[in-house]
Amino acid sequence: MILITGADSYMGYCIASHLARHTHLVSRIRVLCSTDAKLCLSFSRKGLNLFHDMDQAMQGVDTVVMAIGDERNRVDYYRQLCLAAARHRIKSMICVSHAGAIGPLDDFAAVEDHVIAIAADGNYQWTILRPDWILQHFFLWASLVDQQNSLPMPLPAQTELSPIDIVDVCSAVEALVLDIKSHAIVPIAKDSAHSGQVYILTGPETITIKQIIHSMAKASGAAVMKQRFVRLMDAKYLLENLKNNIWFDARIKHERHLAYHDPLDDSLSYSTRWMAPNDAFIDTIILYMDWIRRTAGSFHVPHANIILSRPLITVNDFFQRHAKAFQTKSV
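Everything numeric here is computed off the predicted structure, so don't read it as measured data.

Draft legend 1. Fine view of the overall build of the protein chain. For the protein chain, the count of helices and strands is 13 helices and 11 strands. The C-alpha radius of gyration of the protein chain comes to 19 Å, within 12% of the 20 Å expected for a compact globule of 331 residues. Principal-axis analysis of the C-alpha atoms gives the protein chain an extent of 55 × 40 × 40 Å. At a minimum sequence separation of 6, the contacts of the protein chain that also span at least 24 residues come to 81%.

Spelled out as structure tokens, the structure:
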């Protein structure tokens, strides 16, 4: 039995949707939600076991995929989850954290410390994944691109990123929890090469903001698309006020409807989903962008390639696949 936490946050929702493509495993997948979100109820409709109490969810579980979500009290919440995992003697835990844990995101680092400390007494084997900037985050700027024909971000044009597609993040989790041949759930063994490892998950390339905008414009057919440098406080204001954007609100309602009726099949439809950001999510993005701005950006690390043993999705691939979402009024 496998338990996926944070299923009402973006990362947990995508991982649960990705693993649920294996229909023979649906009855062995549990999802833990910290709210009564309609998004979680969609999993119940598809046959996954939905829980809101962590102790009940842990009973009979071998592997926990702890996708750190957007809870305001995330450090205490996930500490309690680690303790519950130890009480119920799970065999392995995969913690999906954030690349910013080695920088300004102290709460993600604190959760990682709890994962390791509570496992120190031999309670379970652990592996930590730290995804870098997720390409799907650009969907949050799609309405602004449409209205302003520009990408307003608090990053200079030459800032380098190594963004990764959510499909590759979910595939990395899949590679760690499932046997490659039988697709059966296999807990990480003590002698596994992945036990006790920390992996930074980046995309296959390091690319500047200027190149990202060029790729976005080329895919969407825009004659001209500009980068508009804004202050961090302005970027935060833009994200906080998306809820007042009529275009964005309409798209979010449409996305929620599609998510609720998601077939959870091989179409990977979850990769086009996006959610309205809450305060914790916005704070995470702003802190991370400030960090990479001050440290000259992120860089490619081949850990995802090693785990997956296949080519990763490039920035051009992403914008070509989602070109319609980034079309401007001039197109």
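Moving on, there is more to tell.
Draft legend 2. Main features of the sheet that holds strand β2 (residues 29-32). Reading across the sheet, the 7 strands line up as β3-β2-β1-β4-β5-β6-β9 and stay open at both edges, with parallel pairing between neighbours. At either margin of the open sheet sits one strand with a lone partner, and together these are β3 (49-51) and β9 (197-201). Direction aside, neighbouring strands of the sheet carry axes that sit 20° apart on average. With 3 bridges connecting them, strand β1 (residues 2-4) and strand β4 (residues 63-67) associate as parallel partners. Among the inter-strand pairings, Leu3 is bridged to a residue of β4, identified as Val64. Set on the sheet, helix α5 (residues 106-119) makes contact with β4, β5 (92-96) and β6 (125-131); between it and β6 the angle comes to about 165°.

Draft legend 3. Molecular detail of the nonpolar core. The biggest cluster of nonpolar side chains holds 45 residues, and the ones touching the most others in it are Ile15, Leu129, Ile166 and Leu201. For this core, the element with the highest residue contribution is helix α7 (residues 166-177), accounting for 8 residues. The contacts of Leu129, once residues within four sequence positions are left out, are Ile94, Cys95, Val96, Ser97, His98, Val173, Leu176, Tyr199, Leu201 and Ile307. Core analysis: the second largest hydrophobic core is formed by 43 residues, Ala99, Ile212, Val230 and Ile252 among them.

Draft legend 4. Region of interest: the packing of aromatic side chains. A complete count under the given rule lists 10 aromatic pairs for this structure. Aromatic side chains Tyr77 and Tyr78 sit 4.9 Å apart centroid to centroid with 85° between the ring planes, which places their arrangement in the edge-to-face category. For Tyr77, a relative accessible area of 14% puts it in the buried group. Classification of Tyr78 by relative accessible area gives buried; the value is 0%. Aromatic ring contacts, followed pair by pair, group Trp133, Phe138, Phe139, Trp141, Phe318, Phe319 and Phe326 into a single cluster.

Draft legend 5. Region of interest: the state of the cysteines. Across all of its chains, the model carries 0 disulfides by this definition. Not engaged in a disulfide, the cysteine Cys82 finds its nearest cysteine sulfur in Cys95; these two sulfurs lie 7.3 Å apart. You can see Cys170 has no disulfide; the closest cysteine sulfur is in Cys14, sitting 5.2 Å from it. Judged by its relative accessible area of 1%, Cys170 falls in the buried class.

Draft legend 6. Quick peek at the pairing of β4. The element β4 is largely enclosed, with a buried count of 5 among its 5 residues. Where burial is concerned, the two faces of β4 agree: the one with Thr63, Val65 and Ala67 and the one with Val64 and Met66 are both buried. In the sheet, β4 pairs with β5 via 5 bridges, with the strands oriented parallel. Each bridged residue has a counterpart across the sheet, and for Val64 the counterpart in β5 is Met93. What joins β4 to β5 is helix α4 (residues 74-87), and the crossover it makes is right-handed.

Draft legend 7. Spatial organisation of the packing of helix α1 (residues 10-19) against α7. Running from N to C, α1 and α7 cross one another at 60°; their axes reach a closest spacing of 9 Å. As the angle between them shows, α1 and α7 are arranged oblique. In this structure, α1 meets α7 at a crossing whose hand is right-handed. Here α1 contributes Tyr10, Met11, Cys14, Ile15, His18 and Leu19 to the contact with α7, which in turn contributes Ile166, Val167, Val169, Cys170, Ser171, Val173, Glu174 and Val177. Residues belonging to the contact of α1 with α7 are distributed by class as follows: 11 nonpolar, 2 polar and 1 charged.

Draft legend 8. Examining the pattern of salt bridges more closely. Per the stated rule, a full pass over the model turns up 10 salt bridges. Put simply, Arg21 and Glu174 hold a salt bridge, and the shortest N to O gap is 3.2 Å. Placement of the pair is Arg21 in the loop between α1 and β2 and Glu174 in helix α7, with a sequence separation of 153 residues. With relative accessibility at 18%, the residue Arg21 sits in the buried group. Linking Arg74 and Asp107 is a salt bridge whose minimum nitrogen-to-oxygen distance equals 2.3 Å. Of this pair, Arg74 sits in helix α4 while Asp107 sits in helix α5, and the two are 33 residues apart along the sequence.

About the thresholds
Residues numbered from 1 in each chain as written. Predicted model: local features only at pLDDT ≥ 70, side-chain atom pairs only at ≥ 80, totals over all residues. Heavy atoms only, no water. Helix = DSSP H or I, 4+ residues; strand = E, 2+ residues; numbered from the N terminus. Rg over C-alpha atoms; globule rule 2.2 N^0.38 Å. Contact = heavy atoms within 4.5 Å. Pairing = 2+ DSSP bridges. Axes fitted to C-alpha atoms, helices over the stretch in contact; angles between N-to-C directions. Core = buried A, V, L, I, M, F, W, Y, C linked by side-chain atoms within 4.5 Å. Buried < 20%, exposed > 50% of the residue type's maximum accessible area, 1.4 Å probe, protein only. Phe/Tyr/Trp six-rings, centres within 6.5 Å; stacked < 30°, edge-to-face > 60°. Disulfide = S-S within 2.5 Å. Right-handed = clockwise from strand over helix to strand, strands pointing away. Parallel < 35°, antiparallel > 145°, perpendicular 65-115°, else oblique. Left-handed = near helix turned anticlockwise from the far one by under 90°. Nonpolar A, V, L, I, M, F, W, Y, C, P; charged D, E, K, R; others polar. Salt bridge = Lys/Arg side-chain N within 4 Å of Asp/Glu carboxyl O.

The quantities given are spatial measurements derived from coordinates; they are silent on function.
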